[in-house]
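Below, each chain spelled out in residue letters.
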Amino acid sequence: MIRSTLFAPALLSLALLAPLPLAAQEAAPAEPEEGPSLMERGLSLFFEGFRQEMEPALDGMGQALGEMKPAIDELMGMIDSMTFYQMPEMLENGDIIIRRKPDAPPVTLPETEAPGVDL
């Protein structure tokens, strides 16, 4: 009786640990694919979709930058050199200020084309 109770689990463990059938072990190796791999095709499709989704936003941003260019050029004309300014500082109320260094040369503002307003 003891032998039969030990024999069944031993037989089961041998069946589970037995090597796979020979046909499964001799599967033909996969031939290399021609062209891009599945991963490359997936990434290509992902980035193409991303580009299509972002295109309207990028076009709008380019147009906005084009409209802001004259103002940015004027502002850069007022800032002679970034080395004449201290690091930005945040005040307690949340304002951010950029102070001019005390040893920097005096500022010369560009002449404006618009006439002054008499009050």
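Residues numbered from 1 in each chain as written. Predicted model: local features only at pLDDT ≥ 70, side-chain atom pairs only at ≥ 80, totals over all residues. Heavy atoms only, no water.

Draft legend 1. Molecular detail of the overall build of the chain. On a plain count of helices and strands, the chain comes out with three helices and two strands. Helices and strands in the chain line up, N terminus first, as α-α-α-β-β. Taking all 119 residues of the chain together, the buried fraction comes to 2%. In the chain, of all internal contacts separated by at least 6 residues, the share reaching a separation of at least 24 is 9%. Carbon and sulfur atoms form 66% of the exposed surface of the chain, whose accessible area is close to 11500 Å². (Helix = DSSP H or I, 4+ residues; strand = E, 2+ residues; numbered from the N terminus. Buried < 20%, exposed > 50% of the residue type's maximum accessible area, 1.4 Å probe, protein only. Contact = heavy atoms within 4.5 Å. Areas by Shrake-Rupley, 256 points an atom, 1.4 Å probe, with all protein chains shown as cover.)

Draft legend 2. Molecular detail of the pattern of salt bridges. One pass over the full model with this rule turns up four salt bridges. The partner of Glu89 in a salt bridge is Arg99, and the shortest N-O contact between them spans 3.2 Å. With Glu89 in strand β1 (residues 89-90) and Arg99 in the segment after β2 (96-97), this residue pair connects regions lying 10 residues apart in the sequence. (Salt bridge = Lys/Arg side-chain N within 4 Å of Asp/Glu carboxyl O.)

Draft legend 3. Region of interest: a nonpolar patch on the surface. There is a patch of nonpolar side chains on the surface, built from Met39, Leu43, Phe46, Phe47, Phe50, Met54, Leu58, Met61, Leu65, Met68, Ile72 and Met76 and spanning about 1200 Å² of accessible area. With respect to the helices and strands, the residue Met54 is situated in helix α3 (residues 38-78). (Patch = residues over 30% accessible without salt bridge, like charges linked within 9 Å, V, L, I, M, F, W, Y side chains within 5 Å.)

Draft legend 4. How the structure looks around the packing of aromatic side chains. Taken as a whole and assessed by the stated rule, the structure comprises two aromatic pairs. Relative to Phe47, the ring of Phe46 has its centre 5.2 Å away and its plane inclined at 70 degrees; by these criteria the two rings are edge-to-face. Summarising the aromatic geometry, the rings of Phe46 and Phe50 are spaced 6.4 Å apart at their centres and angled 15 degrees between planes, so their arrangement reads as stacked. In this pair, Phe46 and Phe50 both sit in helix α3, four residues apart, roughly one turn of the helix. With a relative accessible area of 47%, Phe50 lands in the partly exposed category. Here the aromatic residues Phe46, Phe47 and Phe50 are joined through ring pairs into a cluster of three or more. (Phe/Tyr/Trp six-rings, centres within 6.5 Å; stacked < 30°, edge-to-face > 60°.)

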